[in-house]
Every structure is written in structure tokens, then in C-alpha cells.
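An overview of the molecular structure
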Amino acid sequence: MSERRKPYPFDLLEPKWQAVWEERRPFHAPNPGEPGFDPTRPKYYVLDMFPYPSGSGLHVGHPEGYTATDIVARYKRLCGFNVLHPIGWDAFGLPAEQYAIRTGQHPEITTRENIARFKMQLKRIGFSYDWEREISTADPDFFRWTQWIFLQIYHSWFNPETRRAEPISTYTGTDPDDVRLAFVATVPVNWCPELGTVLANEEVIDGKSEVGGFPVVKRPMRQWMLRITAFAERLIDELDPLDWPEGIKLLQRNWIGKSEGAGVDFVVAEEDTIITVFTTRPDTLYGATYMVLAPENPLVDQLTIKEQRDAIAAYRAQVSAKSDLERTDLAKEKSGVFTGAYAINPASNERIPIWIADYVLMGYGTGAIMGVPAHDERDLEFAQKFGLAILEVVQPPGDATATGCTGDGVAINSPLIDGLTTPDAKRKIAAWLEEQGLGRRTINYKLRDWLFSRQRYWGEPFPIIWRDGKHEAIAESELPLVPPPLDDFKPTGTGEPPLARAKDWVRYSEAATRELNTMPQWAGSCWYYLRFCDPGNGERFVGHEAERYWMMGPTSGAGATNEGAFPRQSPAEAPLPSAVRPGSGGVDLYVGGTEHAVLHLLYARFWHKVLFDLGHLSTAEPFQRLVNQGIILGEDGRKMSKRWGNVIDPLDVIAEYGADAFRCYEMFMGPLEQMKPWSMTGVEGVSRFLARVWRLAMEENQAGEWVLSESVAEVEPSRVQLKVIHTTIKKVSEDIEALSFNTAIAQMMIFVNAFTSPGRTASPGPGNAPVPGAGFGVSPKQSSAAGEDAESAQVRGGGTPSPAGETRALPGGDRSVPVSALRTLLVLLHPFAPHLTSELWETLGRRFPVSPNEITDQPWPEYRAEFLVEDEVEIALQVNGKVRDRVTVPITATNPELETIARNNPRVQEFIAGLAIRKVVVIPKKLVNVVAN
RNA sequence: GCCAGGGUGGCGAAAUUGGCAGACGCGCCAGACUUAGGAUCUGGUGGAGCAAUCCGUAGGGGUUCAAGUCCCCUCCCUGGUACCA
């Protein structure tokens, strides 16, 4: 069987237009001050989460979000915006390094090859990226600024007074190293022996590495940390005004995990040691019948009595041998050991035993808790297992006999607060504790400081050297600090990074050596969106003007400055930096997968706030509007994977149906944010739609060449056509704004159906009844063979193109396609199917010239409400809520008139016969409901 | 366990403020044109019934003239999270 004929010549016109865009660069957005920049236009920054260029190339998940943003970008350009729509490469990363370990090929080469493949694929889909802004995080011109930003962080501290990052020079304490936002600490870290590196908490899933699924163990190591916890409060608060999915905001809030409570001091009996615990329920203090320390808590050694030392030591050894996975796995059964020591409950003055147990974590709160078994499930389980006292101190509301209340209630058995409701009791006991100097109100966060160093080769080296056991920054002039050449990228196995192998590079001077760690992959993605504003800047990470323009929009007057920035005169009265004004700050639209909800999006917000505080940026938040695309499943409804053999390659789809069909199908599948399965027949359906658009304008001549159809004529659209046109303009515009691309395409299908099927809406009335066999879409050959029908003057559109052209469609005939309607459709469809519409626009312009003749320069059409209204409307007549008839009435019909029509309707009367009418509900333009019984 | 988001034809899905459920597409059925059709066009297509009509938005209750939409309970699916005191 010969190759199937293409429904329209996308295989020719798509490469043609891609070449045109390559050459003319219509999507390049000049910066303020550059030639071609138009300051009168508003800006719109629409961003994709840039890809890691993996070896397997693009899959259909990438183009889903990319198509959505491309549609918005093209739409906004047509609407008159200066649109920043860039793409780049998250190019540092583990896969290229592991490939290097296996094959010896340098990661840089692998990365370059992968980028080339990704880029080719993206271009084949016809995305309107501004390729002049392409960046790669592994490019020294890029990562020199990643290193520079690290130095800004290193040279800063968080001033609790102003609640901002400030230059370290403003710190007046003894040792600046205690407060730097980038600091070194020896901490128990997630060490992955297989990967030979440590991982951030966020990169460990169920005790295994997120990448590769290898076991991860806790191990104390000296690491670089970033003090993200200082920003916990602001990272939560400034989330509120952002236009993000509520679910993602919640995910971040939960990750940061703010909880308000009190620190309470317990004195160890017969000693003057104080153990502070954190509790969210200070009102249950009287019910604290024991105390538990984390096994790692340093106080344990000091407290443990002689008789218990062996047991304690054994338990601690047992706990430390467990991986995270085991520790959480064994969570079902509580375990612990008594230290032999006692503490005094500050409220009741009771002696309570001090235990250690692994259900208390060293990393949260103070690493010690008060056990209130009556009102905490975990404490109860523990107390029951070890026979500890249980004392009820909260009575649940409503039921005086119930026990084990973990929610709010009324305090009992608590002399200071008896009878108070939980909120009141909390307040009173906290005030009492503060008065007595026994405690204080405290806020705790689950968020930990960000473990920022990795023992890898393929990442940004730290711009840090070590001298006499102390770290210091290298000069900015020494940036970029590029990784040394290596031919062995394997982990050393000792925890020492592979960079240690580059002996010459490591030796910085007689007395100093370089830091051997590299930054994690997140580093580049923390600020790449800023670099896009000004990718070629050799002086700064981003130019002030470019940053201000693309992140904030055109500034009005000279007063537009970074209001919240350091330095500030009166820190005492300084409010938190005001959150971004809705709709006016940062990236206007950011689209990507949910997998980055707490990692990339939290880290990037953190860096952004530091840079904002230091006066480098104009907005406090980077991403104003965030949308997550849903994942695309295989045709079998399973996750796409090699294992199931259900992976769809975009290039295969494009080869068979074209890029426009691929784009439109991805958008037509269903709501962007929803998970949905792929369907090849679905692609075919969309491809048919595009072919109908093509044939609306084009027909084949005798030679089998596509030429502009004779039926396309400069005629006025009919009233019915105008309604379809303007309904479509309205729907498509609103749907693109709302990112409801599937319904926008559906409406354009309705448009095309209306213009291709005379029987539907385009030609109403008996006089325009379709002629059998003379449908517009009939192919030329068939029409010629259609005998007498072909001779009929009724035949339009089909064209019966005789070689000499004697049989012409009559201009203005009822089957004509008005040029204006076609043009409107082409502009509306252009963001979705840019190649097809560009070609048709150009072809149309040869017979019906317009200026300018570039579809990319056309204005987005505006709908006119006057064409949407109807003269008549169909009303449903209901009896007791069931539709019994429909009548068409003038739009002007009044409610009483409608009621009369309904009452007199024979069908209605049939159903209310013998019943009494109780009520008649009239909904104008919709229905009349007669209620009778 | 907890948190979030979902359950609508054979399938993907539509459906302002509660107001004619199933737009649009796929698939399927029939027809037209064809040497042919996996092309194109036309018509049909939620279920049951000859029909009038009845039943239908996970299941059960409720509010209402009217519920996919609002309220209560239950079940199922997807994602996140996991002793955070």
C-alpha cells in the first residue's frame, strides 16, 4: 500500500514556516533601550519550567505545558503585549555524570548533545521562543552568576529586627560566621552510598534517593547549609496573594509546617539542669506524666543514672543503626528506655520519669517532649506500653465522660485553668509560664535549613577557599570558577568529592585550598527566570532596567523603586516587604509539573527574597501565577514508561499528523491541569479538523495542486455567520485567558462546521436548503464527475474547477466563504496551529492583499455584543420540573407573556389536567416551570 | 492515618449566579460518492421501551418550583505526606 495521502500538506508548510521564523525572528523581544523596543506596550512574561536535557529526548509530557504557554505567548503578542517567552536548559545534573562514569564521556559533551536534540525537537513543534535568550545553567557565563548569588547569600545574614536579609557588615555580634545565610555545619545528613553524595531532605523519598531509588543513611558530615528557615515566616505569609493553585500553596505551607505553642522548662529532680520542651498544648501541662528525649539528645548522657547506662547505650546504638526507612517502618510499635532520672512538672510539681524514645526527633523543636498520654495518641501508645500514668486534664465538649480527647475542650484537674476552654487555657497558662519565667510562647517550623552541598563533579563549584580551617569567599573577579578537567568522575567512596582528584585545581595558594563540594542541581533553577530578562549581561546577573521591566512592568515616573529593599532608615517600623501586587509582579504565568511544588518553587522563592532584600530585585515574589499541567498517561491508561511499551514519541506523531495537529490534540485532550490518557484516534480527529480548515480556504486544481478556493470571496457574512464569528471570538479569547484550551478548540470546530455544512447554521431557512451531493467539502474530482449536479449553479465551494475556469462559483453566493470570516478564524486559531494559519494567511493575501501581511502582526479580534444577541430564543416549558414542550419566542417576550404562553400550551395543559396550578416560575430566556398538584 | 483533588455515555470530555445534562471530539450504525476506502461528505448515536413515557451525573439522605452544581453521610480512584509534640 502506498503512503497515505496527507489530509493537507503540513509536511511542506511546517518546515517552511519554521524556517521563516528562524530567519525573521518575529518572536524576539527586545529589552528596554534596544532597537525595536516599544515602550507603549504592556509586558507579559510567560515561562515554562525549563527541562533537564535528558538522553531520552522530549516526551509528550513536556510539550503539554510548553504548548499551553506558547498559545498564551502568541495570543498575548497578537493582543499587543511585549511578550517574554524564553527557554533554556537545566543542564547540571546527575544523569550526565553517571553516564560519564559508565562511558568516560565528559558530561559537558553529553549535555551539549542532549541540548541539541531537545532544541531540534522543540523547533519542530513550532514554539515561539525567543531563542536569542536561550541559556544553559552549565554555561560559565550563566553559572558565574549562580556563584555570584551564592556569594551574596554568603555575605548576608538575616536580621531578626528588620526580618530581612542584610549585608553581613550590619551584624554587630562577635562571629559573623554564626549568622551567615550560607554556613558550614557538621550535621547528620542523608548520605547515599550508591550515589556517593548527600541529599537534601526533599530529595529523599521513603528512605531512598529520589534519583535512582538507592538506600540513604544518616551520617554526620561537614556541609554547606543555606539558612532558609530564617525566611519560614515570610515564605508562608507572602504565599497568600499569589495566583497559585490552592493545593500547591497548601503543600508549601505544610512543608514549612508552622506551629504555634510554648517552650516549657522542666527542672531535673535533684539537679539544676533544665530541659525545655516544645508543646502546642501548654494547657495540658498538668497532664504531663513523663518526659521523653530524643535518643540523640546530648542531655541524655548527663541524666542517665548508672544502672540504666547499658540499656540506654544499647538503645541508642540500635536507633543509630537504623536507616530512615527502618525508623519510619518500625513506627508502629513504640520503643524506648528509662534514663532513671526524673523531672519536676512545673505546674503540678509532680516528679515525672524521663525516658528516651525514637519517636521523639532531635531535629524538631528541642528534641524533648512532655508526655501527655491522655490527650496525645502517640504519648498514649507509649504510656500504655510502658505502664506510665495517664491523667485526664481536658474534657471534650458535650460529653463529660469521654476520655482521650485530642482536640479542644475544657480544662479539668488543672488548678490554674480549670473550667477554661482550650484556647483560653492556652493563653492563661502561657501567660503564667512567662510570668514565672518557666516558659515562653514559641513558634516552630518543620522546615529545616537547606543542605546545599553535593559530592559531585557536574555542578557549580563553590566560590570558597579554606585557609587555616576557616572558609572565605574568593573575589568576584575570579568568577566564573569552572570545574577542573577530570577523567574519572566516580565518587571517591569516602565522602570526599570527585573534585579532590584535581590536585592542582584544589591548591589555591600556599596556604589555601578550594572547597571540594559542588552546588545541588536546584541552584541554577533558583534564578534562571531572572537571567532570561537579560541573558547577555556581562556586568550583572541581570540588568536593573531589564529586571524591572520584565518583572514589574513599565514603571510610572521616577518613584518606582524597590520600596522594601535594604537599606532602610527605621527598621523598627518597617513592615514586612509588601507582597507583590496582584497581577503586577514577577513572571506573569509559570507552567510546569506538580513535582516541583515544594522543591524548586520553595528554593526559588527563598533566593528571590534574599536578592530582593539586598536591593537587587523589584518584586518580593518571583512567580505571580502558577499552573500545573497534569501528566499524560499512555493509551492503556498507565503511566508512560518503557516498561509498558506505551511511550509516545512526539516526533512520530508530528511525522504522521503534523506539529499543528500534535499541538492542538495536546490541548484538546481535556483540561490542562488534569491527568489524561493519550489517544491516537483523538489526534486523528483533531487532524481532520485542521484539514477542514485547510479545505475551507483551499481546493485542488486539475493538476492536483492546492490553490485558494474560488468560494473564498469578499462578501459580507450573513447575520447567522456573524453570530458564529463573534461567539467564537468571545469564547476563544476568554478560554485562552482561563487556559481552557479544550473548549476554545471545540468552539472553533463549531465555527468551521458552521461554514462547511450549509445544513447546520450557515444557511438557515428553506430557501437555502442544502442540495444533495453538493456539499462544500466534496473533492474536486468527485464534483467533476457528479453529472448534472456539477452543472448546477447551486454548486459552490466544491468548485468544479474546470481547467479553463468556466464554471466559477458565484461571488457572494450562499456557499461563499467571506474573507473576513476566514481571516478572523485564522487569527483565532493561530496560537494553536501557527503553521497552518500562517500558510493560509499568506495564500489569502495574494488574492486579497492586506497590510501588514504577516499573521503574526495582526491584532487580536474583538467581539461585538450586538452580534451575539438573537431575535428569538427557545424556551423550555416544564410541568413540575419536567420538560414537556419547547417554544420559540421573541427575545422581547415579557415574563407575563411567557407565563401565558406556558399556561395555554396544549402539552402543558395535557399534563396539568385535573391539577391545580400552585405556582409558575419564569426564568427569562430559559424556561417556564408550571407547578401543579 | 492525615491533607488535597477527583468520580458525568462505549471512550476523552462540556455545562456563568442552582435553570432544557452530555457541547466538541473519538468510536459505532446507516447512507452518499467511489474500482477501492483506514479518504471525503450526509444523517443517527445516554439507557429501557413499538410507543406514549420512564430512568439516568459513584451510592444513600436532605434543601428547592428546579440540584452534576448547595448541605450531611458512605464508598472508590489519584496525588502529597508520614511519629513535626
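A short tour of the structure in this document, coming up. Positions within a chain are numbered from 1, following the residues in the order the chain's sequence is written. To label them, take the chains in the order written and letter them from A, then take the ligands in the order written and number them from 1. Since the coordinates come from a predicted model, pLDDT governs what is reported: local features require at least 70, and pairs of side-chain atoms require 80 or more to be given and counted, while whole-chain, interface and lining totals use all residues. Excluded from the side-chain calculations are hydrogens and water; all other atoms, namely the structure's heavy atoms, are used.

**Things to note about the overall build of chain A**
Rules: Each helix corresponds to a stretch of at least 4 residues labelled H or I by DSSP, and each strand to a stretch of at least 2 residues labelled E; elements are numbered beginning at the N terminus. The cut-offs for exposure are 20% and 50% of the maximum accessible area for each residue type, with area from a 1.4 Å probe on protein chains only; residues under the lower value are buried, those over the upper are exposed, and the others partly exposed. Note on contacts: a residue pair qualifies if any of its non-hydrogen atoms lie within 4.5 Å across the two residues. For accessible areas, the Shrake-Rupley method is used with a probe of radius 1.4 Å. Any residue's cover is judged against the shown protein chains and nothing else.
The secondary structure content of chain A amounts to 29 helices and 36 strands. Buried residues in chain A amount to 54% of all 933 residues. Sequence separation of 24 or more characterises 70% of the internal contacts of chain A that already satisfy a separation of 6 or more. With an accessible surface of roughly 40,600 Å², chain A has 52% of that area assigned to carbon and sulfur atoms.

**Overview of the nonpolar core**
What counts is decided by this rule: Put simply, buried Ala, Val, Leu, Ile, Met, Phe, Trp, Tyr and Cys residues joined by side-chain atoms within 4.5 Å make one nonpolar core.
Counting residues in each nonpolar core, the largest one holds 190 residues, and the members touching the most others are Phe150, Trp450, Trp607, Trp678 and Phe832. Residues within four places of Phe150 in sequence aside, it is in contact with Ala182, Trp224, Leu226, Phe452, Phe462, Pro463, Ile464 and Met519. Of all hydrophobic cores here, the second largest spans 47 residues; its members include Leu293, Val300, Ile312 and Phe338.

**Comments concerning the protein's contact with RNA strand B**
As a reminder of what qualifies: Put simply, a residue is near a molecule or strand once any heavy atom of it comes within 4 Å of that molecule or strand. Gly is put with the polar residues, along with every residue not named as nonpolar or charged; the nonpolar set is Ala, Val, Leu, Ile, Met, Phe, Trp, Tyr, Cys and Pro, and the charged set is Asp, Glu, Lys and Arg.
Close to RNA strand B lie 53 residues; Tyr364, Arg378, Met669, Gln674 and Arg886 are nearest. Top element by residues in the surface near RNA strand B is helix 22 (residues 741–756). It accounts for six residues. Of the residues in the surface near RNA strand B, the class split is 21 nonpolar, 14 polar and 18 charged.

**Looking at the sheet that holds strand 11 (residues 217–226)**
Consider a sheet: its strands pair through backbone hydrogen bonds, and that pairing is either parallel or antiparallel. Our working definition: Any two strands between which DSSP finds at least two bridges are classified as paired. Angles run from 0 to 180 degrees between N-to-C directions of axes, and those axes are lines fitted to C-alpha atoms, restricted for helices to the stretch in contact.
What the four strands build is an open sheet, ordered 8-7-11-21; its pairing is antiparallel. Of all the strands in the sheet, just strand 8 (197–199) and strand 21 (450–451) have a single pairing partner and so form its edges. Sheet strands touched by helix 5 (residues 140–154): strand 7 (182–192) and strand 11. Its angle to strand 11, the strand with the most contacts, is close to 90°.

**Considering the pairing of strand 23 (residues 470–473)**
Taken together, the four bridges between strand 22 (residues 464–467) and strand 23 define a ladder with antiparallel strand orientation. Its bridge partner being in strand 23, Ile465 is matched across the sheet by Glu472. Two successive antiparallel strands, strand 22 and strand 23, enclose a turn made up of two residues, where Asp468 displays a positive phi of approximately 50°.

**Let's talk about the pattern of salt bridges**
Formally: Salt bridge criterion: a side-chain nitrogen from Lys or Arg within 4 Å of a carboxyl oxygen from Asp or Glu.
On inspection of all chains with the given rule, the structure shows 46 salt bridges. One salt bridge connects Glu64 with Lys676, and the closest N-O pair in it is separated by 2.6 Å. Of this pair, Glu64 sits in helix 2 (residues 61–78) while Lys676 sits in strand 28 (residues 676–677), and the two are 612 residues apart along the sequence. Take Glu64: its relative accessible area is 1%, and that puts it in the buried class. Assessed through its relative accessible area of 3%, Lys676 is described here as buried.

**What to know about unusual backbone geometry**
Leu479 connects to Pro480 through a cis peptide bond whose omega is 0°. Despite not being glycine, Arg163 has its phi angle at roughly 55°, a positive value. Assignment of secondary structure puts Arg163 in the loop between strand 5 (156–159) and strand 6 (164–167). Positive phi is not limited to glycine here, since Leu739 has a value of about 60°. Mapped onto the elements, Leu739 comes out in the loop between helix 21 (719–737) and helix 22. Residue class for Leu739 comes out buried when judged on its relative accessible area of 9%.

**Focus on the packing of helix 22 against helix 26 (residues 819–829)**
Here is the rule: Reported orientations rely on four angle classes, namely roughly parallel under 35 degrees, roughly antiparallel over 145, roughly perpendicular from 65 to 115, and oblique for the rest. Here is the rule for handedness: rotate from the far helix to the near one, and if that takes an anticlockwise turn smaller than a right angle the crossing is left-handed, while a clockwise turn gives right-handed.
In contact at an axis separation of 11 Å, helix 22 and helix 26 are set at 155° when each is read in the N-to-C sense. Between helix 22 and helix 26, the angle is such that the two are roughly antiparallel. For helix 22 against helix 26, the interelement crossing comes out left-handed. Contacts from Met748, Phe751, Val752 and Phe755 of helix 22 reach helix 26 at Ala821, Leu825, Leu828 and Leu829. Residue composition of the contact of helix 22 with helix 26, by class: eight nonpolar, no polar and no charged.

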